[in-house]
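Coordinates in review
Listed below are the residues making up each chain.
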Amino acid sequence: MFRHVTRSSASFVGAARRETQYRLSNLRQAKFSSLVHNNSNKGVCGTAGQRLFWQSIANYSTTTPENQETEVITGSEETYEFKTETKSMLRIVANSLYSEKEIFIRELISNAADALEKLKHLQSTETVETEHPLEIRIALDTTKKIITIQDTGIGMTLEELNDNLGTIARSGSKNFLEKLEKEGGGSRENIIGQFGVGFYSTFMVGDRIKVYTRSAKPGSKGYCWSTDGQGSYTVAEAANVAVGTKIVIHLRDDCKSFASHIEVESIIKKYSNFVGFPIHLGDSTVNTVEPLWTKDTKSITQEQHQNFYRFIASAWDSPQYSLHFKTDAPISIASVLYVPERHMESMGNERMGPGVSLYSRKVLIQPKSKGILPEWMRFVKGVVDSEDIPLNVSRELLQDNILNRLRKVMTTRVLKWLENEAKKDEKKYTDFFLDFGQFIKEGVCTDAMHKENIAKLLRFESSTQDAGTMTSLKDYTDRMKEGQKSIYYLLTTKRKYAEDSPYSEMFKKNGVELLYMYDTVDEFVVNHLSKFQKLNLVSADSPEAASDPLLQRASSTDVSDGTALSETEAKTLAEWVEISLGPSVVKKVDVSHRLEKFPAVVLEHESPAMQRMIRMMEGSAKLDDIPSTPTRLEINPDHTIMRGIFHMRDAKPEFAKMITRQVYDNALCAAGVLEDPRSMVSRLNELMEISVMSVLEQEKKVKAPENK
């Protein structure tokens, strides 16, 4: 009979089955059988069809025993005006105070948990009436559009009923806490509600509210409190009222969905899943997941961490790192945080939202809160609970100063956590960084307050380490040569390009370590960081590196063919090259003896990343070509090519200029900033043609004497 229905997802079917069992207790069997038979014959299939089928069944639900109002009003009803609030104020609370209507369930459960906690406290010090276990029960009536929330807590006397429900913002929980603190006893962390408006959130969804209550104090009477929110309420004695409080809400037509088992169950799991007392919805207990952050760290197993992570992150993988953190200063915090095995952004999906939810005394305040951690830490999943959070009347808007303190403490702790994980297992951390390093780099660029500590988490390949081995900036500084005053890096796309680069030549020659950075974003990272442990981060292709005494060649290369250039000749060559290339190409040409295998390098050029951005702007905005920024050229007068240019510049000036231009383009290419390599193809062909012709001419001269 249910074959078609069970094709839907497991989670939906499970929830639907529970709702059906709950609602069909008093269904007439004939109607139910007819409904199932008709839909089976029609071939209900697909998610939409199944949803309609279950909804049809749900609409046949009738009043369950928990929903029936067994209380009886025995006294005359007395009408009271609200002490300080008017009809308009009630409407403000109902329509403007909370961002989501579903919040009313959270508020009433929080109030119920408070009442249970108060009774639990009194049981340890006084004799009180108790008839049932400490629990919260919720019953639903879809037909009559009623939701009933009942607790077996401390209940209220007539005076407390008028004080707590007759005045908005009069908080029984707040008074109870003040009393505990004055007496110096008890525990305050389990008292959730500090604001009396929570009860009035019911007017967001209901047009008539009844409250049955009886105090746990011996000899107390039961009462019925009722209002339609129009500025007054009635109170009357009632019989058959259980110890505790029972709130009956008659839902408005546009809010009848809150009488749905599936809807209410999802709201409880979202906001109140960790309340410290059982919450029964019909015949099932909803809050079955333990709040791990309240437990002792050593008592939590790896399996518990895995299950809890999967619950709060809605994930199926396992956490690679977990942190259970508690502190009382400067603010009370209990938290459980996780780093997943993988993240969705790596697959090209849209940017993730925050992953940590904010709780206050085990009640959800802000799901996926943006205020707990900086945005770059959005890969972290978990829960942060603080009993010190002073909320405003709606519980949803936090005071900025306390949130800033919370954010500062949690950010610092997460950074320390990741740093410790790296120390414990560097290989595991390297694997983490390869997947999640983009977030760390984003943090350096966006979190100025913590960038120095974030930088400790960065990892790069190095010229002194094997390929694939990552090193930290701290490890680099520990290995620095005596007299070295900077941290050197080279932006490139591959390790092979870095090792073959003219900029790395002198680093290898002089034993100075060079960090290899392969990602485009790395340029922005080092620009934002600029220093680490008071040491400048310096690019290998910068003038600063060119002038470092540690990177200079000990002496000029010996030239035995008599073509070596003197210092004066080298300067003359530099001047000629500068004039030949022109001011639009180079702004200065320097002589340097630090190079060996390469005739020249460019300095003070636009970075490859900046070049790509400029080209993108040209294309997207359809701008005219933006002229290239003139660079600074450094020539090696000991190189064969540069000596040749010097000696032929007068005899063959055009050919010398052609070679000079090719040397310059080669230098741009080595720096990764040549705009379009196709621009030099014609020149290369011409140079090869001249070279080939020169060889042929030489061969003719050699063969000529042989023919005589």
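Here the structure is a predicted model, which is why all the values come from computation and not from measurement.

Counting residues in hydrophobic clusters, the biggest one holds 99 residues, and the most contacted among them are Phe-379, Leu-458 and Leu-633. In contact with Phe-379, other than residues within four places in its own chain, are Tyr-338, Val-339, Pro-340, Met-352, Leu-418, Phe-432, Phe-436 and Phe-439. In terms of nonpolar packing, the next biggest core, distinct from the first, is built from 59 residues, Ala-113, Ile-209, Trp-293 and Val-383 among them.

Before going further, it helps to spend a moment on the sheet that holds strand β12 (residues 333-339). The sheet built from five strands is open, its strands ordered β11-β12-β15-β13-β14 with mixed pairing. Sheet topology places β11 (321-327) and β14 (363-366) at the edges, where each strand pairs with a single neighbour. Between one strand and the next, the sheet's axes are offset by a mean angle of 25°, whatever the strand orientation. Bridge analysis of β11 against β12 gives seven bridges, and the strand direction is antiparallel. Each bridged residue has a counterpart across the sheet, and for Leu-323 the counterpart in β12 is Leu-337.

With that settled, consider unusual backbone geometry. That bond from Ala-329 to Pro-330 is cis: its omega, 5°, falls within 30 degrees of zero. Mapped onto the elements, Pro-330 comes out in the loop between β11 and β12. Here the phi dihedral of Lys-362 falls at roughly 75°; this positive angle occurs in a residue that is not glycine. Tracing the backbone shows Lys-362 in the loop between β13 (356-360) and β14.

Let us look at the environment of Met-449. With respect to the secondary-structure elements, Met-449 resides in the loop between α11 (426-446) and α12 (451-455). Residue classification places Met-449 among the exposed residues on the basis of a relative accessible area of 65%. Between the alpha carbons of Met-449 and Lys-408 there is a distance of 9.5 Å; along the sequence they are 41 residues apart.

Moving on, we come to the side chain of Ser-592. Residue placement: Ser-592 occurs in the loop between β21 (586-591) and β22 (600-603). Every residue in contact with Ser-592, bar those within four places of it in the chain, is listed here: Glu-634, Ile-635, Asn-636 and Pro-637.

Looking now at the packing of aromatic side chains. All told, the structure shown has 20 aromatic pairs when counted by the stated rule. Ring geometry for Phe-379 versus Phe-439: centroids 5.2 Å apart, planes at 40°, classification tilted. Here the residue Phe-379 occupies a position in the loop between β14 and β15 (381-385), and Phe-439 occupies one in helix α11, the gap between them amounting to 60 residues. Look at Phe-379 and you get buried, because its relative accessible area is 1%. On the basis of relative accessibility, which here comes to 0%, the residue Phe-439 falls in the buried class. A centroid spacing of 5.2 Å and a plane angle of 45° characterise the contact between Tyr-429 and Phe-432, whose relative ring orientation is tilted. Of this pair, Tyr-429 and Phe-432 both sit in helix α11, three residues apart, roughly one helical turn. Tyr-429 gets classed as buried once you look at its relative accessible area, which sits at 0%. We classify Phe-432 as buried; its relative accessible area is 1%.

Here we take up the confidence of the model for the protein. Taken as a whole, the protein shows an average pLDDT of 81; of its residues, 76% reach a score of 70 or greater. Taken element by element, the predicted model of the protein shows its lowest mean pLDDT in helix α2 (residues 29-42) (41) and its highest in strand β16 (residues 461-462) (97). Across residues 1-65, confidence stays below pLDDT 50; counting only partners more than four residues off in sequence or on other chains, it has 75 contacts. This model gives residues 186-196 a pLDDT under 50, and the stretch forms 45 contacts once residues within four places in sequence are excluded.

Attention now moves to the pattern of salt bridges. In the structure shown here, the tally under the stated rule is 35 salt bridges. A salt bridge links Glu-341 to Arg-342; the nearest nitrogen and oxygen atoms lie 3.5 Å apart. A relative accessible area of 45% places Arg-342 in the partly exposed class. Across the pair Arg-495 and Glu-461 runs a salt bridge, and its minimum N-O distance is 2.7 Å. With Arg-495 in helix α14 (residues 495-499) and Glu-461 in strand β16, this pair connects stretches of sequence that are 34 residues apart. Side by side, Arg-495 and Glu-461 carry an identical accessibility label, which is buried. Here the salt bridges do not stand alone but share partners, grouping Glu-345, Arg-351, Glu-375, Arg-378 and Glu-442 into one network.

In this section: the sheet that holds β16. The five strands are arranged β16-β18-β17-β20-β19 in an open sheet whose pairing can be described as mixed. Looking at which strands have only one partner, the edges of the open sheet turn out to be β16 and β19 (531-532). Of the pairings in the sheet, the one linking β19 to strand β20 (residues 535-539) comprises two bridges and is antiparallel in character. Looking at β20, one finds that Phe-532 is bridged to Leu-535.

With that settled, consider the packing of helix α5 (residues 103-123) against helix α8 (residues 261-271). At their nearest, the axes of α5 and α8 sit 9 Å apart, and the two run at 65° to each other. With respect to the hand of their crossing, α5 and α8 are arranged in right-handed fashion. Side by side, α5 and α8 meet where Ile-103, Ile-105, Arg-106 and Ile-109 of the first sit next to Val-264, Ile-267, Ile-268 and Tyr-271 of the second.

Definitions and cut-offs
- Residues numbered from 1 in each chain as written.
- Predicted model: local features only at pLDDT ≥ 70, side-chain atom pairs only at ≥ 80, totals over all residues.
- Heavy atoms only, no water.
- Core = buried A, V, L, I, M, F, W, Y, C linked by side-chain atoms within 4.5 Å.
- Buried < 20%, exposed > 50% of the residue type's maximum accessible area, 1.4 Å probe, protein only.
- Contact = heavy atoms within 4.5 Å.
- Pairing = 2+ DSSP bridges.
- Helix = DSSP H or I, 4+ residues; strand = E, 2+ residues; numbered from the N terminus.
- Axes fitted to C-alpha atoms, helices over the stretch in contact; angles between N-to-C directions.
- Phe/Tyr/Trp six-rings, centres within 6.5 Å; stacked < 30°, edge-to-face > 60°.
- pLDDT = per-residue confidence, 0-100.
- Salt bridge = Lys/Arg side-chain N within 4 Å of Asp/Glu carboxyl O.
- Left-handed = near helix turned anticlockwise from the far one by under 90°.

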